Amino acid sequence: MPIQILPARLANQIAAGEVVERPASVVKELVENSLDAGATRIDIDIEKGGSRLIRIRDNGKGIPKDELALALSRHATSKITTLDDLEAIVSLGFRGEALASISSVSRLTLTSRTQAQEEAWSAYAEGRDMDVQLKPAAHPVGTTLEVLDLFFNTPARRKFLRTEKTEFNHIDELIKRIALSRFDVAITLRHNGKIIRQYRTAQTPIQKERRLATACGSGFLQHALVVELAHGDLKLSGWVCSSQGARAQNDIQYCYVNGRMMKDKLINHAIRQAYESSLRSDQYAAYVLYIDVDPHQVDVNVHPAKHEVRFHQARLVHDFIYQALQSALQQGALEEEQHQYQ
Ligand code: ADP
Ligand code: MG
């Protein structure tokens, strides 16, 4: 075969292989887009674990009519334009790949209206050439993404989907993580028409604790110690469980770097070390932690799913987290002891 450029749809489907593993990965990309668009309210409707329908509606800034088709093209993004931007990412997305990938493996409708527009427009993409058709629609300012029949045209992928319940659990878990990262955004999650979780906007400490309990359960809240510490540009805040609140599973271990969910080895190591003497080997720490650092001091462009970061001053970050947690835990242990003697 001579060398040839791949047709757009096939190129997108290959990219989709990396980004779109299952319904929850679609939900992640779409909700992150809503957050990047400044939404304060996101409604998520799922049917049949996401394999039948994923619908995300937001009240963000919307997409202008003449950019709707572009939004669905590969490497089309409004979030970065230069290498400098890439080195100081503040948005969740930047690859310009999600919508193109998702639309190549589903029946996708994008409906949006900006403040400046009198009416909303809908873009629909399906078919070999990825031609996009625009139609007028009814929609308030904001965007709705509707993804029908995920993997309908990639049977090998579709076969890998688990049961409806398992796929929905992945989505629920993902939304939990997002809800813990953005207390200022109201999120509703429905499955087959039923409200499963409702995260209301949380500003006061009590509202925040309510959201924490909705996401992590009241058991976690009961043993949670508040962490709050700053060192120069570096800031650590959130909740850690006291050693009495240790769990039999590692189900509540959430860490955010500049608002982005992370599973990072360096951070995990620092946390484990802080708990070292106080947990048995069959016990797990539980935490919801937020690390904020100058965006120039971290590189998030390490992993396609963006779960890892690279800190320029890794040692400093490690020791800062370790020390902050160790003192929170010691303080917590002291308070629990005093409580027992009262
Ligand atoms: P990326 O998020 O990496 O830029 P995507 O393919 O996810 O790439 O989205 C492409 C573009 O479409 C975004 O840069 C953004 O301009 C626009 N977009 C996508 N979803 C939304 C949304 N919910 N609200 C407003 N704009 C959006
Ligand atoms: Mg995106």
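Scroll up for the structure.
In this text the structure is predicted, and so the values were computed from the model without any measurement.

Quick notes on the overall build of the protein chain
Next up, step 1: Within the protein chain, the regular secondary structure consists of 11 helices and 15 strands.
Next up, step 2: Rg of the C-alpha trace for the protein chain: 22 Å, near the compact-globule value of 20 Å for 342 residues, within the 12% margin.
Next up, step 3: Each of the three principal axes of the protein chain carries a C-alpha extent, and together these read 70 × 45 × 45 Å.
Next up, step 4: With 342 residues in all, the protein chain has 46% of them scored as buried.
Next up, step 5: Long-range pairs, those at least 24 residues apart, make up 69% of the contacts in the protein chain between residues at least 6 apart in sequence.
Next up, step 6: Roughly 18,000 Å² of accessible area belongs to the protein chain as shown, and the carbon and sulfur atoms make up 49% of that amount.
Next up, step 7: Distance between charge centroids for the protein chain: 7 Å, based on 42 positive and 42 negative side chains.

What about the layout of surface pockets?
Next up, step 1: There is about 820 Å³ of room inside the largest pocket.
Next up, step 2: If you trace the largest pocket, you find 30 residues lining it, with Lys28, Leu174, Arg177, Lys263 and His307 closest to the centre.
Next up, step 3: For the lining of the largest pocket, the secondary structure elements donating two or more residues are α1 (8-19), α2 (23-36), α7 (164-181), β11 (253-257) and α10 (265-275).
Next up, step 4: Classifying every residue of the lining of the largest pocket by side-chain character gives 12 nonpolar, six polar and 12 charged.
Next up, step 5: The calculated volume of the second largest pocket comes to roughly 700 Å³.
Next up, step 6: Contributing to the lining of the second largest pocket are 32 residues, with Asn33, Ile63, Ser78, Lys79 and Leu99 lying nearest its centre.
Next up, step 7: Among the secondary structure elements, those contributing two or more residues to the lining of the second largest pocket are α2, β2 (53-58), α3 (68-71), α5 (98-104) and β6 (142-148).
Next up, step 8: With five residues, α2 is the single largest residue contributor to the lining of the second largest pocket.

Focus on the sheet that holds strand β10 (residues 234-241)
The strands making up a sheet are joined through hydrogen bonds of the backbone, oriented either antiparallel or parallel.
Next up, step 1: The five strands are arranged β9-β10-β13-β11-β12 in an open sheet whose pairing can be described as mixed. The open sheet terminates on both sides in strands that have one partner only, identified here as β9 (224-231) and β12 (260-261).
Next up, step 2: Relative to β10, β9 is paired through eight bridges, and the arrangement is antiparallel. Bridge pairing in β10 places Val226 opposite Trp239.
Next up, step 3: Packed on one face of the sheet, α7 meets β11, β12 and β13 (287-292) and runs near 50° to β11.
Next up, step 4: Along the sheet, α10 makes contact with β10, β11 and β13, crossing β13 at roughly 125°.

A closer look at the pairing of strand β4 (residues 120-125)
Next up, step 1: With five of its six residues buried, β4 lies for the most part within the structure.
Next up, step 2: As paired strands, strand β3 (residues 107-113) and β4 are joined by five bridges and run antiparallel to one another. Paired with Leu108 across the bridge in β4 is Ala125.
Next up, step 3: Hairpin connection from β3 to β4: six residues lie between these consecutive antiparallel strands.
Next up, step 4: Examined bridge by bridge, β4 and strand β5 (residues 132-137) share six bridges and lie antiparallel to one another. Each residue of the ladder has a partner; that of Tyr124, found in β5, is Gln133.

Points about unusual backbone geometry
Most of the time, phi is negative for any residue but glycine, and the peptide bond is trans.
Next up, step 1: One non-glycine residue with positive phi stands out, namely Phe151, at about 65°.
Next up, step 2: Position of Phe151 relative to the elements: it lies in the loop between β6 and α6 (155-159).
Next up, step 3: Residue Asn258 is not a glycine yet carries a positive backbone phi of 50°.
Next up, step 4: Mapping Asn258 onto the fold places it in the loop between β11 and β12.

Side note on the pattern of salt bridges
Next up, step 1: Scanning the entire structure with this criterion turns up 14 salt bridges.
Next up, step 2: With a closest N to O distance of 3.1 Å, Arg41 and Asp43 form a salt bridge.
Next up, step 3: With a relative accessible area of 42%, Arg41 lands in the partly exposed category.
Next up, step 4: Ionic pairing is found between Asp172 and Arg197, a salt bridge with its closest N-O pair at 2.7 Å.

Comments concerning the site of ligand 1
Next up, step 1: With respect to spatial proximity, 19 residues lie near ligand 1, and among them Asn33, Thr77, Ser78, Lys79 and Gly96 are the closest.
Next up, step 2: The contact in question runs from an oxygen atom of ligand 1 to an N or O atom on the side chain of Thr77, over 2.6 Å.
Next up, step 3: Separating an oxygen atom of ligand 1 from a backbone N or O atom of Ala98 is a distance of 3.3 Å.
Next up, step 4: Burial of ligand 1 by the surrounding chains reaches 94%, relative to a free accessible area of 530 Å².
Next up, step 5: Every element with two or more residues in the shell around ligand 1 is listed here: α2 and α5.
Next up, step 6: For the shell around ligand 1, a count of residues per class yields seven nonpolar, eight polar and four charged.

Quick notes on the rules
Residues numbered from 1 in each chain as written. Chains lettered and ligands numbered in written order. Predicted model: local features only at pLDDT ≥ 70, side-chain atom pairs only at ≥ 80, totals over all residues. Heavy atoms only, no water. Helix = DSSP H or I, 4+ residues; strand = E, 2+ residues; numbered from the N terminus. Rg over C-alpha atoms; globule rule 2.2 N^0.38 Å. Buried < 20%, exposed > 50% of the residue type's maximum accessible area, 1.4 Å probe, protein only. Contact = heavy atoms within 4.5 Å. Areas by Shrake-Rupley, 256 points an atom, 1.4 Å probe, with all protein chains shown as cover. Lys, Arg positive; Asp, Glu negative; His and termini not counted. Charge placed at Lys NZ, Arg CZ, Asp CG, Glu CD. 1 Å grid on protein atoms, 1.4 Å probe; cavity = no way out; pocket = protein on both sides within 12 Å on 5 of 7 lines; lining within 4 Å. Points joined across faces, edges and corners; volume = space filled by probe spheres on them. Nonpolar A, V, L, I, M, F, W, Y, C, P; charged D, E, K, R; others polar. Pairing = 2+ DSSP bridges. Axes fitted to C-alpha atoms, helices over the stretch in contact; angles between N-to-C directions. Salt bridge = Lys/Arg side-chain N within 4 Å of Asp/Glu carboxyl O. Near = heavy atom within 4 Å. Polar contact = N/O pair within 3.5 Å; in protein donor to acceptor, adjacent residues only side chain to side chain.

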